[in-house]
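Chain residues, written in single-letter form:
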Amino acid sequence: MMKHGATMRPTGRTAVVGAARPRATRTVVRMAAVSEATTGVKRNPNLAKLGAGYLFPEIGRRRREHQEKNPDAKIISLGIGDTTEPIPKVITDALQGAAAGLNTKEGYSGYGAEQGMGGLRDKLASRFYDGLGIGSDEVFVSDGSKCDISRMLMLFGSDTSIAVQDPAYPAYVDSSVIMGATGVLNEETSQYNNITYMNCLKENGFFPDLSKANKTDLIFFCNPNNPTGACATREQLQSLVDFAKANGSIIVYDAAYAIYIEDGSPKSIYEIEGADECCIETCSFSKYAGFTGVRLGWTVVPNKLKFSDGTPVNKDWNRIMTTCFNGASNIVQGGGLACVTDAGFDAMMGLVTYYKENCKLIRECFVEMGFEVYGGVNAPYVWVGFEGRPSWDVFAEILEKCDLVTTPGSGFGPSGEGFVRVSAFGNRSDVEEAIRRLKKVYGK
Ligand code: MLT
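Not measured: the values here are computed from a predicted model.

Undergrad: What's the story with the packing of aromatic side chains in this structure? I'm lost.
TA: Two numbers describe a pair of aromatic rings. These are the distance of the centres and the angle of the planes. For the coordinates displayed, the defined rule picks out 31 aromatic pairs. Aromatic pair phenylalanine 371 and tyrosine 442: ring centres 6.0 Å apart, planes at 75°, arrangement edge-to-face. Here phenylalanine 371, found in the loop between α11 (342–368) and β13 (372–375), pairs with tyrosine 442, found in helix α13 (residues 428–442); they are 71 residues apart in sequence, far enough to count as distant. The pair phenylalanine 371 / tyrosine 442 is uniform in exposure class, with both members buried. Pairwise contacts between aromatic rings join Tyr54, Phe56, Phe206, Tyr374, Trp383, Phe412 and Phe419 into one cluster. In this structure, arginine 121 packs its charged tip against the face of phenylalanine 140, placed 5.3 Å from the ring centre.

Have a look at this one:
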């Protein structure tokens, strides 16, 4: 153990956030690392394994740096998928009503059920899983999918093997590293040891070749996919479920963007036969109702899903939630109750339609300029190819020349190299201005 007062060694050159690139072109950031110890507490070695900070704060840092250098720049962000449009009134009225109720004897409530309000669980089950055999006791309300994903790692523990789509939403890998379920970062491949990276490339239609995938305990699967915007067909999802069942794996199915599906593909994994025996599904109102700041999500853990010793997974999930969580805010759940009414659902679809129009404009812009463009049809993300160029360089160039923030594809994993993700979450006038700037720089 390091003695008090000892000087820590600088970590030196460190790979940027999950960045994947050939060694020769690797972009590096220098971590501030020399400091005097003030305690004798050893640093959690799993946190020390993380190459650098979480992707989006790193992008935020670069944006601030650009703003400092260019104080007059009117920077537009189509980087992080953060909603920009006001929450519909039918929902904010309910949020206000729930808040006002707390000022009355009848309306006041303290701690609620850790699993969520019974009425909300019922309505989530009937609104999103009608006819799919999911009951309200299988739906657990939470403060969002990202938090549930971290708690899931706690549920399964560190002795669990993991597979992810590559590229993937970074929370799956980073949470797994923090939990100790992985080895160290391999600097050559930009992959953590003991994680199976299932390549999702344009060559395979962004759906992994399961015949080449290792057998693992958990498979994180985001559909429609963040970041590629790809949406799996029913047949592909059936093959995924069959693969998991054959291997005794559990799929953690992230359906955060399911409401954006418009081509008839399944919106829930429970539309797939056998999924209730091998899948957990997590979802949230962040991208449905503009709740990225409000925070409300849910996770479905079916009664039929069991561990190898026969213990129902949801028994342990309940134990985790009751230990680590005191239930979602009662005010926010009041808003959630409005989201699942017919009026609330229609209003959410209004938001979805708005962002999808942005998608169309962004897609058209890049197609017109001759880029390879994927996604943006069943998902609010457009995945743009800059073949042969490191994503972080493209990100930096677009920021420099267009005052526009995007997300470098390699930030989502090695297979994202050569792409940038453009988010459709933005105000229309900003999207239109971003398109004008892009055309000026990259147009023919
Ligand atoms: C993203 O930009 O990938 C997401 O919005 C981030 C998140 O949902 O946490």
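Undergrad: Teacher, can you tell me more about α11 here?
TA: Since there are 3.6 residues in each turn of an α-helix, residues three or four apart along the chain are aligned in direction. Given a rise of 1.5 Å per residue, 27 residues ought to cover 39 Å, and the 38 Å separating the end C-alpha atoms of α11 matches this to within 8%. Of the residues making up α11, those classed as buried are Gly344, Phe345, Met348, Leu351, Val352, Tyr355, Lys356, Asn358, Cys359, Ile362, Cys365 and Phe366. Glycine 370, located one to two residues past α11, shows a positive phi value of around 90°.

Undergrad: How do you make sense of the sheet that holds β13 when you look at a structure like this?
TA: Where strands meet in a sheet, backbone hydrogen bonds hold them as pairs that are either parallel or antiparallel. Taken in spatial order, the 4 strands make up an open sheet running β13-β14-β17-β16, and their pairing is antiparallel. Two strands in the sheet have a free side with no partner beyond their single neighbour: β13 and β16 (407–408). Of the pairings in the sheet, the one linking strand β14 (residues 381–385) to strand β17 (residues 419–423) comprises 5 bridges and is antiparallel in character. Paired with tryptophan 383 across the two strands is arginine 421, which belongs to β17.

Procedures and definitions
- Residues numbered from 1 in each chain as written.
- Predicted model: local features only at pLDDT ≥ 70, side-chain atom pairs only at ≥ 80, totals over all residues.
- Heavy atoms only, no water.
- Phe/Tyr/Trp six-rings, centres within 6.5 Å; stacked < 30°, edge-to-face > 60°.
- Helix = DSSP H or I, 4+ residues; strand = E, 2+ residues; numbered from the N terminus.
- Buried < 20%, exposed > 50% of the residue type's maximum accessible area, 1.4 Å probe, protein only.
- Lys NZ or Arg CZ within 6 Å of the ring centre and 35° of its normal.
- Expected span 1.5 Å × (residues − 1).
- Pairing = 2+ DSSP bridges.

Shape descriptors only; they carry no functional weight alone.
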